[in-house]
Structure formats: structure tokens, C-alpha cells
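# Breakdown of the fold
One-letter residues, chain by chain:
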Amino acid sequence: MSTPHNPPQTLTIIRPDDWHLHVRDGAALHTVVPHTAAQFARALIMPNLKPPVTSTAQALSYRERIRAAAVAAGYSAFEPLMTLYLTDHLRPDEILRAKEAGLVGVKLYPAGATTNSDAGVTDMRKTYATLEVMQRVGMPLLVHGEVTSPDIDLFDREAVFIDTQLIPLRRDFPALKVVFEHITTREAAQYVQSAQGAIAASITAHHLLYNRNAIFTGGMRPHYYCLPVLKREIHRQALVDAATGGSPRFFLGTDSAPHATHLKEHASGCAGCYTAHAAMELYASAFEAANALDKLEAFASFHGPDFYALPRNTDQITLRRESWTPPESYAFSETSLKPLAGGEVLHWRMALPL
Ligand code: NCD
Ligand code: ZN
Ligand code: ZN
């Protein structure tokens, strides 16, 4: 570990993967895919398109569009890992096709929980035949873990989900591999740390860096609004402890979720923070603030592939201590996209390949 008097100037680690990413579709791919492909070898692509990705055939053609955008930007080695969107009607035989085709997960969005979740699950019981097959063939269930009931306080929706949904579900499917996505609370970190069986969690950079004050500092700041929403400082600290604690159950998933500027800065602004432009820089800042830069490699590059039973990457990236300012905005299809920390000084920067 470094002392404040002699901080490291570079950090070289095995190339990381992003285990939770939204890239949207169409022209938007050309803005966002290169940002991710510049840093990560692989990314787990979320299926919440409009309409959602509910068949293996759709996932494979979506993968080709993502690959084409990466190749067009010079990143031919980038590998999108694909997922299916679980609905009340996703059939068990589709899981067999997905497994055969190399899809790596099936995503549970409780109906109404988040962006493009209208087609999500209304009652877990309706998915049990499909979950049975997933458990049998080793297809992971990736969970947006929030209840949607309007009587549950928005800030409590993740913690309530653990008790009312996740624990009963895992009791019924004890061998199902589960990833609790983008965890935001101490309760979720504690549950994942101590639960029995195959469970892990992804953690975003923004939930490591910010607490809920960020949404309200100096006025309403919609670019900090995502779901699950940022929580109190004690929760941020619990997430930092989980991410930097060395447990193989916690790994990197940016949940970078681009929305056009005018839809974020809106009377009912969309949920999602865009971080792909500076993902590793933001994680490095969070780990350095916790004096745990030495833990970043395992979190970013080892724990994810180990959980998904995929090979670790073998090439490396280097981050340098360098002050730079990401742009305030990127062109995004016909509109624009405001990245998190745009216009702010960051202190780590990905080195370009030689
Ligand atoms: C995501 C999106 O925009 O697709 N938004 C978000 O706030 N995280 C959806 C999600 O991951 O829940
Ligand atoms: Zn989500
Ligand atoms: Zn997401």
C-alpha cells in the first residue's frame, strides 16, 4: 500500500471487463461502444432495449451490431457478452438455445422497476419453469434488486427486495447462480458477503464515489439520478468496504446507462448515469480514496470472470496519474450525452496503447 508521500504514478493491471453495461442500439452505439472497448476486453450487455431482447436470435444480431461499432472504431478484439430479458413468458426452451449459443445470463427486471422494464416480471412464480432450467444448465440470473410497490419508500426498495424476493427465490432455487446487480446498500453488501451458495454482486463507480447528497447539491442534478438511487454515506462506505475487501463475490459493473441530455434534464428525467467514457479512471479514484489501489485489479479483472467461469484476460492496461478533464458532452445519435464528471478534473487516466 502506498504512503501519501510516495503515491504510485502508474498502475498496470490485467485488462478489466465490465459486468453490467447499457449500450443502447443504432447510431448511439458509435458513441458509447468505443468508450467501453478502449478500456475493457469484454462487457456484459444489458437487454433492456425497446423492445427488449427476449430471444437468442435477437441477442446474437444485437451482438453483431455492437461488434460492428467496435470494429469501426478500431477495437476488433472487444467482446460483447450477451443476456436475455426475463419476462413472464420467456420459455424454458429459449434458455437451452441461449446456453448453446453462448449467452451468459438472463436479466430479471421487476416490472416497472427501472428504465425499459415495462415488459419485466410481474410475479416470480410465472418464471419458475424457466428458472428451473437455468438452474439446471448453469445459466446465471442477473437481478435488478428493487421492489416496485409504491408504498415502499424509494430508498428502501433494495433492502426490502432482499427479504421479500431474493431470499425466498434462492430458497426455491439453491443452486441457481445469482448476480445482485449494481448494489447500493449496506444490507445488500452484507447479504452477498454472508449468503450461502453461488451469489455475487456488481458495484458501480458512481455508487462508490457519491452519496445521495450529489443529487441535490446546489440544485437538482439529474445526471446523478440513477436506479437504484444513490443512498446515504453509510451505504457508500459499506460498498467501498465490499469492493476493496478482496472478497471474490464483488466485481466491477459500471451500469453505464446513456440517456440523451434533454431526457435527463426533463420534468421526469430518465434514470441512468453515463460513466463509460472514464470508467477505470473513476474506479481508480474511488479505490485510491480508500487507500486500496492494490485491490483494484482483482475487483476489476479477476472476480467477474471467475464467477462467470470464463477465462481471465491476459493483456494489461496502464493507468497514469495525470490530471485531465473529460468533455462536458458527447454527440449521441442526433442529440447529446452528458457524462458523469464531465468538465471536472480527474487524477487518473488510461494510457493509450503504444
Ligand atoms: C438503467 C438504464 O438506463 O437502462 N438505468 C439506471 O438508472 N441504472 C437501467 C438499470 O440498470 O436499472
Ligand atoms: Zn438495473
Ligand atoms: Zn443497468
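Before reading on, note that the structure itself is shown above.
The structure reproduced in this document is the subject of the present report. Remember, predicted model here, so these are calculated numbers, not experimental data.

How each quantity is defined
- Residues numbered from 1 in each chain as written.
- Chains lettered and ligands numbered in written order.
- Predicted model: local features only at pLDDT ≥ 70, side-chain atom pairs only at ≥ 80, totals over all residues.
- Heavy atoms only, no water.
- Helix = DSSP H or I, 4+ residues; strand = E, 2+ residues; numbered from the N terminus.
- Pairing = 2+ DSSP bridges.
- Axes fitted to C-alpha atoms, helices over the stretch in contact; angles between N-to-C directions.
- Contact = heavy atoms within 4.5 Å.
- Donors = N, O, S within 2.8 Å, 3.2 Å for Na, K, Ca; no water.
- Tetrahedral: all angles 85-135°; square planar, octahedral: opposite > 155°, others 65-115°.
- Buried < 20%, exposed > 50% of the residue type's maximum accessible area, 1.4 Å probe, protein only.
- Parallel < 35°, antiparallel > 145°, perpendicular 65-115°, else oblique.
- Nonpolar A, V, L, I, M, F, W, Y, C, P; charged D, E, K, R; others polar.
- 1 Å grid on protein atoms, 1.4 Å probe; cavity = no way out; pocket = protein on both sides within 12 Å on 5 of 7 lines; lining within 4 Å.
- Points joined across faces, edges and corners; volume = space filled by probe spheres on them.
- Right-handed = clockwise from strand over helix to strand, strands pointing away.
- Phe/Tyr/Trp six-rings, centres within 6.5 Å; stacked < 30°, edge-to-face > 60°.
- Lys NZ or Arg CZ within 6 Å of the ring centre and 35° of its normal.

### A short note on the environment of Ser285
Tracing the sequence through the fold places Ser285 in helix α10 (residues 279-289). Here the alpha-carbon distance between Ser285 and Leu209, two residues 76 residues apart in the chain, equals 8.0 Å.

### Focus on the sheet that holds strand β10 (residues 316-324)
Judged by pairing direction, the sheet is antiparallel, and its three strands sit side by side in the order β1-β10-β13 without closing on themselves. Two strands close off the open sheet at either side, each with one partner strand: β1 (10-14) and β13 (346-350). In this sheet, adjacent strand axes meet at a mean angle of 30° when their direction is disregarded. Bridge analysis of β1 against β10 gives five bridges, and the strand direction is antiparallel. If you follow Leu11 over to β10, its bridge partner there is Leu319. Of the strands in this sheet, β1, β10 and β13 are in contact with α10, which crosses β13 at around 130°.

### Regarding the coordination of the zinc ion (ligand 2)
Around the zinc ion (ligand 2), the protein contributes the donor atoms His144 (ND1) and His182 (NE2), at 2.0 to 2.1 Å from the metal centre. Coordination geometry of the zinc ion (ligand 2): the four donor atoms subtend angles of 53 to 147° at the metal centre, consistent with an arrangement described as irregular. If you look at the zinc ion (ligand 2) and the zinc ion (ligand 3), they sit 3.8 Å from each other. Linking His144 in the loop between β6 (141-143) and α5 (157-172) with His182 in the loop between β7 (178-180) and α6 (186-194), this pair joins segments that are 38 residues apart in sequence. With relative accessibility at 1%, the residue His144 sits in the buried group.

### Focus on the sheet that holds strand β2 (residues 18-21)
Taken in spatial order, the eight strands make up an open sheet running β2-β3-β4-β5-β6-β7-β8-β9, and their pairing is parallel. The sheet terminates laterally at β2 and β9 (250-252), the two strands that pair on one side only. The average angle at which neighbouring strand axes cross in this sheet is 30°, direction not considered. Pairing geometry for strand β3 (residues 42-45) and strand β4 (residues 79-85), over four bridges, is parallel.

### Focus: the packing of helix α1 (residues 29-37) against helix α2 (residues 56-72)
Remark: α1 packs on α2, axes separated minimally by 9 Å, with the N-to-C direction vectors making an angle of 70°. For the element pair α1 / α2, the angle class is roughly perpendicular. Seen from α1, the contacting residues are Leu29, His30 and Val33; seen from α2, they are Arg65, Ile66, Ala69, Ala70 and Ala72. Grouping the constituent residues of the contact of α1 with α2 by class yields six nonpolar, one polar and one charged.

### Structural notes on the layout of surface pockets
Taken as a whole, the largest pocket holds about 780 Å³ of empty space. Together, 33 residues line the largest pocket, and Ala38, Met350, Ala351, Leu352 and Pro353 are the ones closest to its centre. Of all the secondary structure elements, the ones that give two or more residues to the lining of the largest pocket are α1, β10 and β13. Ranked by residues supplied to the lining of the largest pocket, first place goes to β10 with six residues. The space that makes up the second largest pocket amounts to roughly 490 Å³. Lining the second largest pocket we find 20 residues, and of these Arg24, Lys50, Thr115, Asn116 and His259 sit closest to its centre. Its residues assigned to classes, the lining of the second largest pocket shows ten nonpolar, seven polar and three charged.

### Some points on the pairing of β2
A regular strand places its side chains so that they alternate between the two faces of the sheet. Summarising the sheet, β2 and β3 pair through two bridges and their orientation is parallel. The partner of Leu21 across the bridge, within β3, is Ile45. Between the parallel pair β2 and β3, the chain is carried across by α1, and the sense of this crossover is right-handed.

### Notes on the packing of aromatic side chains
On inspection of all chains with the given rule, the structure shows eleven aromatic pairs. Arranged with centres 6.4 Å apart and planes meeting at 65°, the rings of Trp19 and Phe251 form a pair that is edge-to-face. One end of the pair, Trp19, is in strand β2; the other, Phe251, is in strand β9, with 232 residues separating them in the sequence. For Trp19, a relative accessible area of 1% gives the class buried. Here Phe251 falls in the buried class, since its relative accessible area comes to 0%. Taken together through their ring pairs, the aromatic side chains of Trp19, Phe251, Phe307 and Tyr308 make up a single cluster. The ring of Phe307 has Lys177 lying over it, and the distance from NZ or CZ to the ring centre is 5.1 Å.

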